[in-house]
Structures are given as structure tokens and as C-alpha cells.
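Structural description and commentary
Residue strings, one per chain:
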Amino acid sequence: MFSSEYTWLTASLVIFLGLVMWKGLKPMLASLDARGERIRREIEEAQNLREDAQNLLAEYKRKQRDALKEAEEIVSHAKAEAEILRSAAEKELQEQLQRREIMAVEKIKQAEAQAVAEVRSQAVEVAAAAAAKLIAENIDEAKASDLTMQAIKDVSTRLN
């Protein structure tokens, strides 16, 4: 039994495996335990990162909804303000048109009054010229002197 090389080969294999297990089992197990611990930590870290990413995604979706809602409010507010400004501009335009119409009517009245005054002035000048011509033709020197004296008396009584 001890003469066979298979026996010695088997015995040496058993001794070798025994030594390997005695000296190398603890470091191998420690290495495997460390590797398992490292993998567990990486998995936990990945789960934490996934939860953080989901929280961030939810927060950004909420912010996006809030931003869309705020944008809609801004648009509706801008439309309301635009309507108010349009109404105010229409009202101001109407008032401006009314003021211009009133000013035009007043200018027309002033032009009419000025035209009437010019016509009257010319009529007075023509009448005065005609009266002067008639007086010059129909009044003699003595009568003119009496009228001049009478006019001087009238002026002196009116001034006092």
C-alpha cells in the first residue's frame, strides 16, 4: 500500500490540501468576507443613490408643475392687463377725439366770430366813410363848427 505511487500522490495531495486549508482558509474566507462586505456597501450606496435620484426627480417634477402653473398665471395676468390697457387706450382715444372735436368746433366758432367782426368792422368803415362823404357833401362850414363844439362839450361832460 505504501509502495504505490498513487498512495503517495494521494497522501501528498491530502497533506497539501490540509496545509492550504489550515494556512490559507482563513485569509481566503477573510478575503471573501471583505469582498462580500464591499459588495453589500456598494449595493446599499446604489440603493441610496437611487432613492436620492427618485427624490430629486419628484422634486424637479413638482418644480416643473409649479413653474408651469406660475407661467399660466403670468400669461393670464398679462392678458388681463393687456385687456385693461386696451380698454384704457380706447377710452383715452375717445376722449382725445372728443377734445379735438370740441377744439375744432371752438375754432370754427372763433373763425365765424372773427369773420363776423371783420365784416362788421368793414361795414362800420364803409358806413363811416359813406357818412363822412355824405356829411362833407351836405354840411356847410357853420354847421360843421357847431357840431364840433357840441362834440367837444359832450366829450368834456362824459370824461368828468
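For the structure itself, look to the data block above.
Quick look at the structure, then.

Rules used throughout
- Every chain begins its residue count from 1, and numbering advances along the sequence as written.
- This being a predicted model, a pLDDT of at least 70 is required before a residue's local features are given, and a value of 80 or more before pairs of side-chain atoms are given or counted; all residues contribute to the totals for chains, interfaces and linings.
- As a convention, hydrogens and water are excluded, and side-chain values are obtained from all of the structure's heavy atoms.
- Helix and strand assignments come from DSSP, with helices taken as H or I runs of at least 4 residues and strands as E runs of at least 2, each series counted from the N terminus.
- One fewer than the residue count of a helix, multiplied by 1.5 Å, yields its expected span.
- Consider a residue and the seven residues that end there alongside the seven that start there; fitting an axis to each set, the bend is the angle between those axes.
- For salt bridges, the criterion is a side-chain nitrogen of Lys or Arg within 4 Å of an Asp or Glu carboxyl oxygen.
- Working definition: with a 1.4 Å probe on protein chains only, accessible area under 20% of the residue-type maximum means buried, over 50% means exposed, and in between means partly exposed.

1. Notes on helix 1 (residues 5-138)
Its 134 residues give helix 1 an end-to-end C-alpha distance of 184 Å, which sits within 8% of 200 Å, the value for a rise of 1.5 Å per residue. Its maximal kink placed at Gly 24, helix 1 deviates by approximately 50°, while the proline Pro 27 follows within four residues.

2. Topic: the pattern of salt bridges
All chains considered together, the criterion is met by seven salt bridges. We note a salt bridge from Glu 44 to Arg 40, for which the minimum N-O separation is 2.5 Å. Here Glu 44 pairs with Arg 40, and both are found in helix 1, just four residues apart, close to one helical turn. A relative accessible area of 38% means that Glu 44 is categorised as partly exposed. Linking Arg 86 and Glu 90 is a salt bridge whose minimum nitrogen-to-oxygen distance equals 2.4 Å. Taken together, the residues span about one helical turn, with Arg 86 and Glu 90 both in helix 1 at a distance of four residues. Exposure remark for Arg 86: the relative accessible area of 39% places this residue in the partly exposed category. Bridged by salt links that share partners, the residues Glu 37, Arg 40 and Glu 44 form one connected network.

3. What about the environment of Leu 29?
Its place among the elements puts Leu 29 in helix 1. The class for Leu 29 is partly exposed, based on a relative accessible area of 42%. Measuring from C-alpha to C-alpha, the distance between Leu 29 and Leu 56 comes to 40 Å, with 27 residues separating the pair along the chain.

4. Quick notes on the environment of Ser 3
Structurally, the position occupied by Ser 3 is in the segment before helix 1. On a C-alpha basis, the gap between Ser 3 and Ala 130 in space is 178 Å, while along the polypeptide they are 127 residues apart.

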